Amino acid sequence: MALVPCQVLRVAILLSYCSILCNYKAIEMPSHQTYGGSWKFLTFIDLVIQAVFFGICVLTDLSSLLTRGSGNQEQERQLKKLISLRDWMLAVLAFPVGVFVVAVFWIIYAYDREMIYPKLLDNFIPGWLNHGMHTTVLPFILIEMRTSHHAYPSRSSGLAAICTFSVGYILWVCWVHHVTGMWVYPFLEHIGPGARILFFGSTTILMNFLYLLGEVLNSYIWDTQRRQLQRRTTDCSA
């Protein structure tokens, strides 16, 4: 039996994301006042994705509790739609985008933090908030994947969706540069056009890889649990 019910964990994670978003938006940084505001940063977009995803999780849990034993077919249909939306969002957005943000941020930060998170930002963003945006996303999404089974969409539709998101964000970053004359991320200023194209192409490929990784990890976790349950059932009946 779980020490903490998954429903309670989801509420706690949702509240933590709401707190992180509120604290982040309350910071008066020059970049927040320029074209695109916070929405030009993938970190902020990811925080919104995670908050919406866990909000849907909590709503699904509440709907499941209210629907249980009611026998109302319409309510059950609506619950199935919520569950489908929850599963789609984890597969296509929450997992790949969340893991991408954590992995890419800390890899570039370890190489040269000035390229992704200049030391100047320490004057605006406290350390705990930085970790809330760039670290805890990973364990939170892994906890969700471990505690609840999620049905992935067909591979072709899932990859098409994550490609659409990736290309859409890349076009948004290019548009911000077109309007302002500045790149959203400092390291893009220091590489040539060819290197930028290579980087953008690599990020799209990485997003696709992370989608497939999530699909494999989800199957591995729940296939392993299913085998363990079958083994226990066999042992009990022997």
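Each chain has its residues counted from 1, following the order in which its sequence is written. With the structure being a predicted model, the display of local features is reserved for residues of pLDDT at least 70 and the display and counting of side-chain atom pairs for 80 or more, all residues being used for whole-chain, interface and lining totals. The side-chain values count all of the structure's non-hydrogen atoms but skip hydrogen atoms and water molecules.

As recorded in an unreviewed UniProt entry, the protein goes by the name Androgen induced 1, listed as coming from Bos taurus. Looking at the protein in UniProt, the text filed under Subcellular location (unreviewed entry) is "Endomembrane system". UniProt positions are given in the numbering used here, feature names are shortened, and annotations may be inferred rather than shown by experiment. Under the UniProt heading Sequence similarities (unreviewed entry), the note attached to the protein is "Belongs to the AIG1 family."

Q: Could you give an account of the overall build of the protein, naming the residues involved and the relevant values?
A: Numbered from the N terminus, helices here are DSSP runs of H or I no shorter than four residues, and strands are runs of E no shorter than two. The number of helices and strands found in the protein is eight helices and zero strands. Going from the N terminus to the C terminus, the protein shows its helices and strands as α-α-α-α-α-α-α-α. Across its three principal axes, the protein shows a C-alpha extent of roughly 65 × 35 × 35 Å. Summary of the burial criterion: residues with accessible area below 20% of their type's maximum are buried, those above 50% are exposed, and those between are partly exposed, where the area comes from a 1.4 Å probe applied to protein chains only. Within the protein, the fraction of its 238 residues that count as buried is 42%. Residues count as neighbours in contact if any of their non-hydrogen atoms are within 4.5 Å of one another. A separation of at least 24 residues holds for 78% of the contacts in the protein among residues at least 6 apart in sequence. Working definition of accessibility: Shrake-Rupley area with a 1.4 Å probe, residue cover restricted to the visible protein chains. Total accessible area on the protein is roughly 13,200 Å²; 68% of this is exposed by carbon and sulfur atoms. Placing the 17 positive and 14 negative side-chain charges of the protein at their respective mean positions leaves the two points 6 Å apart. The sign given to each residue is positive for Lys and Arg and negative for Asp and Glu; His and the chain ends receive no count. To locate a charge, take NZ of a lysine, CZ of an arginine, CG of an aspartate or CD of a glutamate.

Q: Before we move on, can you summarise the packing of aromatic side chains with the specific residues and values?
A: Two rings from Phe, Tyr or Trp (for Trp, the six-membered ring) form a pair when their centres are within 6.5 Å of each other. A pair whose planes differ by under 30 degrees is stacked, one over 60 is edge-to-face, and the rest are tilted. In this structure the tally under the stated criterion is 17 aromatic pairs. Ring geometry for Y109 versus Y117: centroids 6.3 Å apart, planes at 50°, classification tilted. A residue is classified by how much of its surface remains accessible, and Y117, at 4% relative accessible area, is buried. Ring geometry for Y185 versus F187: centroids 6.4 Å apart, planes at 25°, classification stacked.

Q: Tell me about a nonpolar patch on the surface, and name the residues and values.
A: Each patch is built from salt-bridge-free residues with over 30% relative accessible area, joining like charges within 9 Å and nonpolar side chains (Val, Leu, Ile, Met, Phe, Trp, Tyr) within 5 Å. Salt-bridge detection follows one rule: a side-chain nitrogen of Lys or Arg within 4 Å of a carboxyl oxygen of Asp or Glu. A cluster of nonpolar side chains, Y35, W175 and V179, forms an exposed patch at the surface whose accessible area comes to about 290 Å². Secondary-structure assignment places W175 in helix α7 (residues 155-180).

Q: Would you mind going over the nonpolar core in detail, with residue names and values included?
A: Buried residues of nine kinds, namely Ala, Val, Leu, Ile, Met, Phe, Trp, Tyr and Cys, make up a nonpolar core once their side-chain atoms join them within 4.5 Å. Of all hydrophobic cores here, the largest spans 63 residues; its most connected members are Y17, L42, V97, F165 and Y185. When residues of this core are traced back to their parent elements, those giving at least two are α1 (6-26), α3 (42-67), α4 (73-112), α5 (127-134), α6 (137-147), α7 and α8 (193-237). Sorting elements by how many residues they give to this core places α4 first, with 16 residues. Apart from residues lying up to four places away in sequence, Y17 is in contact with L47, Q50, A51, F54, T136, V137 and F140.

Q: Tell me about the pattern of salt bridges, and name the residues and values.
A: Scanning the model with the defined rule gives five salt bridges in all. Between R10 and E144 there is a salt bridge whose closest N-O contact spans 2.8 Å. Of this pair, R10 sits in helix α1 while E144 sits in helix α6, and the two are 134 residues apart along the sequence. In this structure, the salt-bridge partner of D87 is R86, at a minimum N-O distance of 3.0 Å. Of the two residues examined, D87 and R86, each falls in the buried class.

Q: Please give an account of α1 that cites residues and values.
A: An expected span of 1.5 Å times one less than the residue number is assigned to each helix. Taking 1.5 Å as the rise per residue, α1 with 21 residues should run 30 Å; its terminal C-alpha atoms sit 30 Å apart, in good agreement. Listed as buried for α1 are C6, R10, I13, L14, Y17, I20, L21 and Y24. Buried residues of α1 fall within an arc of 125° about the axis and therefore sit on the same side. The exposed set on the far side of α1, more than 90 degrees from its buried face, consists of L15, C22 and A26. Looking at the buried positions of α1, the neighbouring elements they touch are α2 (30-33), α3, α4, α5 and α6. Picture the helix axis, draw a direction to every C-beta atom, and the arc is the one those directions span.

Q: Describe in detail the environment of F199, supporting the description with residues and values.
A: Structurally, the position occupied by F199 is in helix α8. Of the residues examined, F199 reaches a relative accessible area of 25% and is grouped as partly exposed. Spatially, the C-alpha atoms of F199 and N72 are 51 Å apart, while their sequence positions differ by 127 residues. Residues contacting F199, with those up to four places away along its chain left out, are F187 and L188.

Q: Pulling in residues and values, what's your account of the packing of α1 against α3?
A: Between two packed helices, both the angle of their axes relative to each other and the distance between the axes serve to describe the pair. Lines are fitted to the C-alpha atoms to define the axes, a helix being fitted only along its stretch in contact, and any angle between axes, read from their N-to-C directions, falls within 0 to 180 degrees. Put simply, α1 and α3 touch, their axes get as near as 9 Å, and they point 150° apart. The orientation of α1 with respect to α3, classified from their angle, is roughly antiparallel. For the pair α1 and α3, the sense of crossing is left-handed. Residues Q7, R10, V11, I13, L14, Y17, I20, L21, Y24 and K25 of α1 form the contact with α3, whose participating residues are F44, L47, V48, Q50, A51, F54, G55, C57, V58 and D61. Polar here means any residue other than Ala, Val, Leu, Ile, Met, Phe, Trp, Tyr, Cys and Pro, which are nonpolar, and Asp, Glu, Lys and Arg, which are charged; Gly is therefore polar. Partitioned by chemical class, the residues of the contact of α1 with α3 number 14 nonpolar, three polar and three charged. Roughly parallel refers to an angle under 35 degrees, roughly antiparallel to one over 145, roughly perpendicular to one between 65 and 115, and oblique to any angle outside these ranges. A clockwise turn of the near helix away from the far one marks a right-handed crossing, whereas an anticlockwise turn of less than a right angle marks a left-handed crossing.

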